[in-house]
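Descriptive analysis of the structure
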2 protein chains.
Amino acid sequence: MEIDLAPAQEGTERSQGDTHVTAAIEAVGACQAVTDMLSRVGDKWSMQVVMKLGEQSRRFNELRRIVDGISQRMLTRTLRNLERDGLVSRTVTPTVPPRVDYALTPLGRSLWGPVAGLSQWVLDNRGRIESSRAAYDLREED
Amino acid sequence: MEIDLAPAQEGTERSQGDTHVTAAIEAVGACQAVTDMLSRVGDKWSMQVVMKLGEQSRRFNELRRIVDGISQRMLTRTLRNLERDGLVSRTVTPTVPPRVDYALTPLGRSLWGPVAGLSQWVLDNRGRIESSRAAYDLREED
DNA sequence: CTGTATCCGTGGTGATACTG
DNA sequence: CAGTATCACCACGGATACAG
């Protein structure tokens, strides 16, 4: 199954093969799963952690330092969730003091592509969004 | 570090060469903005509404019916947020009873591509994620 | 029909203290 | 170092009633 990544902007002719239309419909049908994943990955910390681990493998307190503002509790929870979803691997070295390394799994790395696409969109359109917000808020302030 | 922005949108013309690597690095730098947008769009209802409006323009109660389980309050709030961000347009026809049509703006439609990329990833990997969760939960249940 | 206003439970988040 | 445990706060979301 494949989804057309350049959906009808304007008068795009989708007449030809309805394959991607079907796929899009299926995608809409599975939009609950997509939404779920978006909120999993779109929570306050997951994406930042994934991005940091995308650079390289990290230890716990290393992450704690470079993920700005995260609490120990939230880092633990975030990592546990990512591990549960199979996006991050946790490797314990039973030395003393203990050493735990976190890294992206292949599945976690494969998420990077789609996320990068979305990141690019945000970068490209952040200005427009902020302008729109400013204009909207201006209209509302009476 | 090799990042492939495979689902390159039509509109975005990055010159060439290692531009996308640069973009990726910038993406990491702007990960806060990306995270913000992910949680905006990854909330409980936004994506479903965007997808429904991606099919066609809709009226308020029309959306209320087809977006399964959404409350009136949440639909209003979701639409207001999307409108504020410039992703959705709101057209009031001052008849009686009033008629309000919601539609995706060009900006809103441009979001479809990246989101479809992510959707595809979710569809492709949902099974793996669920397996991973099941395995994880099995290990934890003692 | 298309909203706004209000109340309220739940869960996500941070701060802090403690443990192996 | 790498967590767990506990408490308190508050934003999110649902239900309901009301309004233009």
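Just so we're clear, the structure is a prediction, and the values are computed from it rather than from any experiment. (Residues numbered from 1 in each chain as written. Chains lettered and ligands numbered in written order. Predicted model: local features only at pLDDT ≥ 70, side-chain atom pairs only at ≥ 80, totals over all residues. Heavy atoms only, no water.)

This part covers the protein's contact with DNA strand C. Near DNA strand C lie 19 residues; those nearest to it are Arg 73 and Met 74 of chain A together with Gln 72, Arg 90 and Tyr 102 of chain B. A breakdown of the atoms of DNA strand C within 4 Å of the protein gives sugar and phosphate a share of 54%. A distance of 3.1 Å separates a phosphate oxygen of DNA strand C from a polar backbone atom of Asn 61 of chain B. Residue Arg 73 of chain B places a side-chain N or O atom 3.0 Å away from a base oxygen belonging to DNA strand C. Elements represented by at least two residues in the surface near DNA strand C include exactly helix H5 (72-84) of chain A together with helix H4 (60-66), helix H5 (72-84) and strand E3 (99-104) of chain B. With four residues, the top contributor of residues to the surface near DNA strand C is H5 of chain B. A class-by-class count of the residues in the surface near DNA strand C yields eight nonpolar, five polar and six charged. (Near = heavy atom within 4 Å. Polar contact = N/O pair within 3.5 Å; in protein donor to acceptor, adjacent residues only side chain to side chain. Helix = DSSP H or I, 4+ residues; strand = E, 2+ residues; numbered from the N terminus. Nonpolar A, V, L, I, M, F, W, Y, C, P; charged D, E, K, R; others polar.)

Let's shift gears to the pattern of salt bridges. Throughout the structure, instances matching the rule amount to 14 salt bridges over all chains. Residue Asp 85 of chain A pairs with Arg 133 of chain B through a salt bridge whose shortest N-O separation is 2.5 Å. One end of the pair, Asp 85 of chain A, is in the loop between H5 and strand E2 (88-93); the other, Arg 133 of chain B, is in helix H7 (residues 112-140), on a second chain. Judged by relative accessible area, Arg 133 of chain B falls into the partly exposed class, the value being 23%. Asp 85 of chain B is the salt-bridge partner of Arg 40 of chain B, the closest N and O atoms lying 2.9 Å from each other. With Arg 40 of chain B in helix H2 (residues 31-41) and Asp 85 of chain B in the loop between H5 and strand E2 (88-93), this pair connects stretches of sequence that are 45 residues apart. Since its relative accessible area comes to 16%, Arg 40 of chain B is described here as buried. Through salt bridges that share partners, Arg 40, Asp 43 and Asp 85 of chain A together with Arg 133 of chain B make up one connected network. (Salt bridge = Lys/Arg side-chain N within 4 Å of Asp/Glu carboxyl O. Buried < 20%, exposed > 50% of the residue type's maximum accessible area, 1.4 Å probe, protein only.)

Around DNA strand D sit 20 residues, and of these Arg 59, Gln 72, Arg 90 and Tyr 102 of chain A together with Met 74 of chain B come closest. Sugar and phosphate atoms represent 63% of those atoms of DNA strand D found within 4 Å of the protein. In the environment of DNA strand D, a phosphate oxygen lies 2.6 Å from a nitrogen or oxygen atom belonging to the side chain of Tyr 102 of chain A. Trp 45 of chain B places a polar side-chain atom, nitrogen or oxygen, 3.4 Å from a phosphate oxygen of DNA strand D. Elements with a minimum of two residues in the surface near DNA strand D: helix H4 (60-66), H5 and strand E3 (99-104) of chain A together with H5 of chain B. Considering each element in turn, the surface near DNA strand D owes the most residues, four residues, to H5 of chain A.

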